[in-house]
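A closer look at the structure
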Amino acid sequence: PPPLLLKNKKLLITAGPTREALDPVRYISNHSSGKMGFALAQAAARAGAEVTLIAGPVNLPTPAGCRRLDVESAQQMLDSVLENIAPCDIFIATAAVADYRASIIADNKIKKSDTELTLTFVKNPDILKTVASLESAPFTVGFAAESQNLAEYAKGKLVNKKLDMIAANDITQPGLGFNSDHNALQVFWNSGERSLGPATKTELADALIALVATQYNNKTSN
Ligand code: C5P
């Protein structure tokens, strides 16, 4: 069995896409499968942590030993995160949260017509930034999917969102990332960096959880 690196630690993890309603039958969303977040939840549970997994709409079984809460929209995900964050030592945000939602959710099905349809959108809250800004923020870990200048953008988010760690993946790599069972990560924290993979998401999850445990212990022992 793996070492219990996170014994007695409480973890909160977001995973999957969010779904933003346009009317009673339509929504906008994205192709996130939730696989990386579910693999991390599983790895954290294997490492002895008490894991709460807040999931958007995904087609995945609940990882063994995790408490799972299902949500749809970004706002619901934020509400659920804030309800469950208090006793947590570590927060990991893997969810592909929709950046925008419709300004108005139509009460009735939007009817087609012969003209163009214009929809307006408003910004969704940044769940990760909200958690990292809490007065008693847990150790926060973000993800960044980038198609260029990976290190620069990821380090920018580490500072801008006040994170303890960020795991970035290059979305232009064929066969890795979104919807795949494989991924490669470039991980940054304030005083270091490390590349993990390419490997299966299960292997990467174990490696990332070990790195999170090390940096969490460094931070809390200072
Ligand atoms: O800024 P960007 O969307 O690239 O940041 C990605 C990171 O922020 C991911 O960890 C993601 O889960 C988190 N995020 C969030 N809420 C948002 C947008 C992103 O928690 N509204």
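Everything in this summary refers to the structure shown in the same document. (Residues numbered from 1 in each chain as written. Predicted model: local features only at pLDDT ≥ 70, side-chain atom pairs only at ≥ 80, totals over all residues.)

**Digging into the sheet that holds strand E9 (residues 139–146)**
What counts is decided by this rule: For two strands to pair, DSSP has to find at least two bridges joining them. Comment: elements are numbered from the N terminus, with helices defined as DSSP H or I runs of at least four residues and strands as E runs of at least two. Here an axis means a line fitted to C-alpha atoms, over the contact stretch when the element is a helix, while the angle between two N-to-C directions is reported on a 0 to 180 degree scale. Contact between two residues is assigned when their C-beta atoms, built from the backbone, lie within 7 Å.
Sheet architecture is open: eight strands sit in the order E5-E4-E1-E6-E9-E10-E11-E12, paired in mixed fashion. At either margin of the open sheet sits one strand with a lone partner, and together these are strand E5 (66–70) and strand E12 (192–200). Here the average twist between neighbouring strands, direction ignored, is 20°. The pairing of strand E1 (residues 10–15) with strand E4 (residues 50–55) spans six bridges and is parallel. Paired with Leu-11 across the two strands is Val-51, which belongs to E4. Helix-sheet contacts for helix H5 (residues 201–221) involve strand E6 (90–93), E9, strand E10 (165–170), strand E11 (182–189) and E12, and the interaxial angle to E12 is about 160°.

**Considerations on the pairing of E1**
Looking down a regular strand, the side chains alternate between one sheet face and the other. To be explicit about the condition: The exposure label follows from counting other C-beta atoms within 10 Å of a residue's C-beta, where the C-beta atoms are placed from the backbone and the thresholds are 20 or more for buried and 12 or fewer for exposed, leaving partly exposed in between.
Burial analysis of E1 places five of its six residues in the buried class, the great majority of the element. Strand direction decides the pairing type here: E1 and E6, joined by four bridges, are parallel. Across the sheet, Thr-14 pairs through a bridge with Ala-93, a residue of E6.

**With respect to the environment of Ala-144**
By the secondary structure assignment, Ala-144 is in strand E9. For Ala-144, a count of 21 C-beta atoms within 10 Å corresponds to the buried category. Distance in space between the C-alpha atoms of Ala-144 and Asp-170 is 8.6 Å, their sequence separation being 26 residues. What Ala-144 contacts, discounting residues up to four positions off in sequence, is Tyr-153, Ala-154, Lys-157, Ile-166 and Ala-168.

**Some remarks on the site of the ligand**
For the record, the criterion: Should the C-beta atom of a residue, placed from the backbone, lie within 6 Å of a molecule or strand, that residue is near it. For this classification, Asp, Glu, Lys and Arg are treated as charged, while Ala, Val, Leu, Ile, Met, Phe, Trp, Tyr, Cys and Pro are nonpolar and the rest, including Gly, are polar.
Taken together, 14 residues lie near the ligand, and Ala-93, Val-97, Ile-127, Leu-128 and Gly-142 sit nearest. Mapped onto the shell around the ligand, the elements with two or more residues apiece are helix H3 (127–132) and E9. Ranked by the residues each element gives to the shell around the ligand, the list is headed by E9, at three residues. Here the residues of the shell around the ligand sort into eight nonpolar, four polar and two charged.

**Some words on the nonpolar core**
One broad trend across soluble globular proteins is that nonpolar side chains are buried collectively. Stated formally: Buried Ala, Val, Leu, Ile, Met, Phe, Trp, Tyr and Cys residues whose C-beta atoms connect them within 7 Å together make up a nonpolar core.
Counting 62 residues, the largest nonpolar core has Leu-11, Leu-40, Ala-44, Leu-208 and Ile-209 as its most contacted members. When residues no more than four places from it in sequence are discounted, the contact partners of Ala-44 are Leu-6, Leu-11, Ala-49, Val-51 and Ile-209.

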